[in-house]
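Given next are the chains, with one letter for each unit.
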Amino acid sequence: MVPPRAGLSEDLLLDDVERHFGTTLPREDVARLTRAHVMDNLHSLREIQAVANIARAQAGRLQLAVASSGPAEIVQATLEATGLRPLFNQIVTIEDVANAKPAPDLFLEAARRMGLAPATCLVFEDSAQGLQAALLAGMPAIDINKLMADTAPPPDGLNRVYLRKYL
């Protein structure tokens, strides 16, 4: 299961941590050190297999996008490190929009760039903030935590049964 702070933008995460601990952090330093740590540990990243398999099956057939509250530097690097970058037509990050998830901005920008109506998009999301953002964007969404927990159907079965309407 994804931790409750997963999916938060750096600013929202730091807001939450500062509120929780009743302190003010040196935000630029924390962000710089956190990004450096992620970049130094890209070799340990693993794809979310259920979602990666769906993306592989649909790449070139459907337009695919990543809409992340993360910084572009980190999002691009993680997609490259996992070998998933070529699967996606568009990458939208926090630098591209005014508001992070749970606002719908990231998903709406991804749909706009792909020339698609929001209601025709399907969001695969791992955070409560992202699921809320999809709802606000008018996009159906699948909680990938449930995909990761469900070991039964492979992506082909998932396509036939649950996602037929979208894929």
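From a predicted model like this one, the values you see are computed outputs, not experimental measurements.

## Brief notes about the overall build of the protein
Scanning the protein from terminus to terminus reveals eight helices and four strands. By the burial criterion, 37% of the 167 residues in the protein qualify as buried. In the protein, of all internal contacts separated by at least 6 residues, the share reaching a separation of at least 24 is 56%. Per element, the accessible surface of the protein, about 9,700 Å² overall, is 55% carbon and sulfur.

## Digging into helix α6 (residues 128-137)
For α6, the complete set of buried residues consists of Q129, G130, A133, A134 and A137. For α6, the angular spread of buried residues about the axis comes to 140°, placing them on one side. Exposed side of α6, more than 90 degrees from the buried face: A128 and L135 are the residues found there. For α6, the elements touching its buried residues are α5 (105-114), β3 (123-125) and β4 (141-143). One or two residues past the end of α6 sits G138, with phi positive at roughly 80°.

## Looking at the confidence of the model for the protein
A low pLDDT score tells you not to read the predicted coordinates there in detail. Summary statistics for the protein give a mean pLDDT of 82 and a share of 83% for residues scoring 70 or more. When the criterion is pLDDT under 50, residues 151-167 qualifies, and its contacts beyond four places in sequence or with other chains add up to 23 contacts.

## Some details on the nonpolar core
Membership of the largest hydrophobic core comes to 13 residues, with the highest contact counts inside it found for A67, V92, L106, F107, V123 and M139. Every element with two or more residues in this core is listed here: α5 and α6. Broken down by element, this core gets its largest block of residues, four residues, from α5. Not counting residues up to four positions away in its chain, the partners in contact with V92 are V66, A67, S68, V97, L106, E109, A110 and R113. Residues A52, L87, F88 and I91 belong to the second largest nonpolar core, which totals ten residues.

## Comments concerning the pattern of salt bridges
Counting across every chain of the model gives five salt bridges. Put simply, E47 and R56 hold a salt bridge, and the shortest N to O gap is 2.6 Å. Under the relative-accessibility criterion, E47 is labelled partly exposed at 27%. Overlapping salt bridges, with partners in common, bring together D96, E109, R112 and R113 in one network.

## With respect to the side chain of Q58
On the secondary structure map, Q58 appears in helix α3 (residues 49-58). Using a relative accessible area of 3% as the deciding quantity, one classes Q58 as buried.

## Topic: the environment of D15
Residue placement: D15 occurs in helix α1 (residues 10-21). Residue classification places D15 among the partly exposed residues on the basis of a relative accessible area of 29%. In this structure the C-alpha to C-alpha distance between D15 and L25, which are ten residues apart in sequence, comes to 9.2 Å.

## Some words on the environment of E10
Turning to its location among the elements, E10 is positioned in helix α1. Residue E10 is classed as partly exposed on the basis of its relative accessible area of 26%. For the pair E10 and A31, spaced 21 residues apart in sequence, the C-alpha separation works out to 7.1 Å.

Definitions and cut-offs
Residues numbered from 1 in each chain as written. Predicted model: local features only at pLDDT ≥ 70, side-chain atom pairs only at ≥ 80, totals over all residues. Heavy atoms only, no water. Helix = DSSP H or I, 4+ residues; strand = E, 2+ residues; numbered from the N terminus. Buried < 20%, exposed > 50% of the residue type's maximum accessible area, 1.4 Å probe, protein only. Contact = heavy atoms within 4.5 Å. Areas by Shrake-Rupley, 256 points an atom, 1.4 Å probe, with all protein chains shown as cover. Arc of directions from axis to C-beta. pLDDT = per-residue confidence, 0-100. Core = buried A, V, L, I, M, F, W, Y, C linked by side-chain atoms within 4.5 Å. Salt bridge = Lys/Arg side-chain N within 4 Å of Asp/Glu carboxyl O.

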